[in-house]
Amino acid sequence: MTYGTLETIDGRPALRFERVLAYPVERVWRAVSVPAELERWMPAAVDWTPAAGETFESYGETLEVTEADAPHRLAWTYAGQPHSFDLAAQEGGCRLVFTHVIDDRALAAQTATGWHTYLSRLDRHLAGGHLSEEEAHQGWAETHERYAERFGVDPAPGRRFAEALSAGQE
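Here's what I pulled together on the structure shown here. (Residues numbered from 1 in each chain as written. Predicted model: local features only at pLDDT ≥ 70, side-chain atom pairs only at ≥ 80, totals over all residues. Heavy atoms only, no water.)

Notes on the layout of surface pockets
Space left empty within the atom packing is revealed by a probe, the size of a water molecule, rolled over the atoms. Considered as a void within the structure, the largest pocket measures approximately 1,200 Å³ in volume. Forming the boundary of the largest pocket are 36 residues, of which P43, G114, W115, Y118 and F161 lie nearest the centre. Looking at the lining of the largest pocket, the elements with two or more residues in it are strand 5 (73–78), strand 6 (81–90), helix 3 (108–126), helix 4 (133–136), helix 5 (140–151) and helix 6 (156–169). Per-class residue counts for the lining of the largest pocket are 21 nonpolar, 11 polar and four charged. (1 Å grid on protein atoms, 1.4 Å probe; cavity = no way out; pocket = protein on both sides within 12 Å on 5 of 7 lines; lining within 4 Å. Points joined across faces, edges and corners; volume = space filled by probe spheres on them. Helix = DSSP H or I, 4+ residues; strand = E, 2+ residues; numbered from the N terminus. Nonpolar A, V, L, I, M, F, W, Y, C, P; charged D, E, K, R; others polar.)

Structure representation (structure tokens):
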């Protein structure tokens, strides 16, 4: 799978993932916007329409849909961090660009690894299969180390996170 990049948007660190998917834009739109589909691959699916202005409380934070232009753009903020899916038709399918503006560059590798994992679940979902949380996270440590190296960030926070997750699962 293609690795995400670390960029800067409005002076803040941002993770950007681009995927070319062998499915029509409308199919990918359903996968990123319909609650029953989101819950098959996304870490915290919400029961949204989605429509601009909708707000939800999730894990003690507010999620607000800021744009919903079906089937091309879906944007929201969660805990003050902008996220978006941009979809465009291209020969043979759809180009998906997912962006997440983060608050702390030090957590870029950890956060990128999480999205990398969930986008792999999206790939499998679109193909008609299912990739469990456990299966999706099998290569987490190796992927995290690659992101830390690529982004030039200290891998220690992500390592501690992975250790805490592992300890909680045993």
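There's more to say after this.
Let's talk about the nonpolar core
Core analysis: the largest hydrophobic core is formed by 37 residues, its most contacted members being W41, W48 and L96. At the level of secondary structure, the elements contributing two or more residues to this core comprise strand 2 (12–21), helix 1 (25–33), strand 4 (61–69), strand 5, strand 6, strand 7 (93–101), helix 3 and helix 5. Here this core takes eight residues from helix 3, the largest share from any one element. If we skip the residues at most four places from it in the chain, W48 touches V32, S33, P35, L38, E54, F56, L63, V65, L74 and W76. (Core = buried A, V, L, I, M, F, W, Y, C linked by side-chain atoms within 4.5 Å. Buried < 20%, exposed > 50% of the residue type's maximum accessible area, 1.4 Å probe, protein only. Contact = heavy atoms within 4.5 Å.)

Notes on the pairing of strand 2
Here strand 1 (residues 5–9) pairs with strand 2 via five bridges, running antiparallel. Bridged to T5 within strand 2 is R16. Between strand 1 and the antiparallel strand that follows it, strand 2, lie two residues; D10 among them carries a positive phi value of about 50°. (Pairing = 2+ DSSP bridges.)

Overview of helix 5
A rise of 1.5 Å per residue sets the reference length of helix 5, with its 12 residues, at 16 Å; its end C-alpha atoms lie 16 Å apart and thus fit the reference within 8%. Of the residues making up helix 5, those classed as buried are W140, T143, H144, Y147, A148 and F151. Taken around the axis of helix 5, the buried residues stretch over an arc of 140°, which confines them to a single face. Exposed positions of helix 5 whose direction lies more than 90 degrees from the buried face are E142, E149 and R150. Following helix 5 by one or two positions, G152 adopts a phi angle in the positive range, close to 70°. (Expected span 1.5 Å × (residues − 1). Arc of directions from axis to C-beta.)

With respect to the sheet that holds strand 6
The antiparallel open sheet is built from seven strands, whose spatial order is 1-2-7-6-5-4-3. Single-partner strands in this sheet number two, and they are strand 1 and strand 3 (55–58). For this sheet, the mean inter-axis angle between neighbouring strands, taken without regard to orientation, is 25°. Pairing analysis gives four bridges linking strand 3 to strand 4, with the strands arranged antiparallel. When the sheet's bridge partners are listed, S58 is paired in strand 4 with E61. Sitting on the sheet, helix 1 is in contact with strand 2, strand 4, strand 5, strand 6 and strand 7, with an inclination near 160° to strand 6. (Axes fitted to C-alpha atoms, helices over the stretch in contact; angles between N-to-C directions.)

Thoughts on the packing of helix 3 against helix 5
Two elements in contact, helix 3 and helix 5, have axes separated by 8 Å at closest approach and are oriented at 130°. Here helix 5 runs oblique to helix 3, going by the angle between their axes. In this structure, helix 3 crosses over helix 5, and the sense of that crossing is right-handed. Across the interface between the two elements, A108, A109, Q110, A112, T113, G114, H116 and T117 of helix 3 pack against W140, T143, H144, Y147, A148 and F151 of helix 5. Counted by class, the contact of helix 3 with helix 5 contains seven nonpolar, seven polar and no charged residues. (Parallel < 35°, antiparallel > 145°, perpendicular 65-115°, else oblique. Left-handed = near helix turned anticlockwise from the far one by under 90°.)

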